[in-house]
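Remarks on the overall topology
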Number of protein chains: 2
Amino acid sequence: AGDPAAGQAKAAVCAACHGADGKAVIPGYPNLAGQNELYLVNSMKAYRSGDRKPVGNGAVMAGQAAALSDADIENLAAYFAAMAN
Amino acid sequence: AGDPAAGQAKAAVCAACHGADGKAVIPGYPNLAGQNELYLVNSMKAYRSGDRKPVGNGAVMAGQAAALSDADIENLAAYFAAMAN
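Summary of the structure given here. Since we're looking at a predicted model, the values are computed, not measured.

1. Here we look at the interface of chain B and chain A
Listed by partner, the interface residues are 20 residues for chain B and 19 residues for chain A. A per-residue breakdown of the area chain B buries against chain A is headed by Y39(B), R52(B) and V55(B), which together make up 28% of the total. The tally of links between chain B and chain A comes to 0 salt bridges. Our count for the chain B to chain A interface comes out at 8 residue pairs in polar contact (both at pLDDT 80 or more).

So, in structure tokens, the structure goes:
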């Protein structure tokens, strides 16, 4: 599993849409706080690979995920999954 | 917005994967409790239209969503969004 602390260091940019507390600040964006860790890993990897096409507001996600390494993804998933919701 | 009570009546089948309390019972499946309502609507519609391809464990979602009307989707989204998480 990933390292939540390392995930937190990586998560500043995520807060713009998903909220510093993991609660979406933009309607239509998913809350991430307390989400299932493996689901988060699969989702980010699918955005990065293009398997998951952004739907509706999600167009920005492909660009965000493209810049993430596997370790980044594991750490971000651990960070948000552990976040109280 | 949808009607959570009508959503609850429709949600029995969802519980098998997403949990009766909206917490995924299968790792890799998303928790739905307290998720953003519009995100849930967009996701179910995207599974139904095929815009969102199931990734990993999500193959079953296309079949589930195919059977849902717009009203079903609105009601299910309201039900899970209102669910305490």
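2. Regarding the environment of M61(B)
One can find M61(B) in helix α4 (residues 59–66). C-alpha separation for the pair M61(B) and Y47(B), spaced 14 residues apart in sequence, amounts to 6.6 Å.

3. Quick look at the relation of the copies chain B and chain A
The two chain copies are connected by a rotation around an axis plus a translation along it. Mapping chain B onto chain A is achieved by rotating through 180° and translating by 0.0 Å along the same axis, at an RMSD of 0.0 Å. These values place the two chain copies in the arrangement generated by a two-fold rotation axis. The fraction of interface residues of chain B whose copies in chain A are also interface residues reaches 95%, indicating that both copies meet through the same surface.

4. Focus: the pattern of salt bridges
The final tally for this structure, using the stated rule, is 6 salt bridges over all chains. Linking E74(A) and K45(A) is a salt bridge whose minimum nitrogen-to-oxygen distance equals 3.7 Å. Taken together, the positions of E74(A) in helix α5 (residues 70–82) and K45(A) in helix α3 (residues 37–49) put the pair 29 residues apart, joining distant regions of the chain. Taking the shortest distance from any N to any O, the salt bridge between D70(B) and R48(B) comes out at 2.4 Å. One end of the pair, D70(B), is in helix α5 (residues 70–82); the other, R48(B), is in helix α3 (residues 37–49), and 22 residues separate them in sequence. Taking relative accessible area as the criterion, D70(B) reaches 41% and is therefore assigned partly exposed.

The rules behind each value
- Residues numbered from 1 in each chain as written.
- Chains lettered and ligands numbered in written order.
- Predicted model: local features only at pLDDT ≥ 70, side-chain atom pairs only at ≥ 80, totals over all residues.
- Heavy atoms only, no water.
- Contact = heavy atoms within 4.5 Å.
- Buried area = accessible area lost by both parts, 1.4 Å probe.
- Salt bridge = Lys/Arg side-chain N within 4 Å of Asp/Glu carboxyl O.
- Polar contact = N/O pair within 3.5 Å; in protein donor to acceptor, adjacent residues only side chain to side chain.
- Helix = DSSP H or I, 4+ residues; strand = E, 2+ residues; numbered from the N terminus.
- Least-squares fit on C-alpha atoms with pLDDT ≥ 70 in both.
- Buried < 20%, exposed > 50% of the residue type's maximum accessible area, 1.4 Å probe, protein only.

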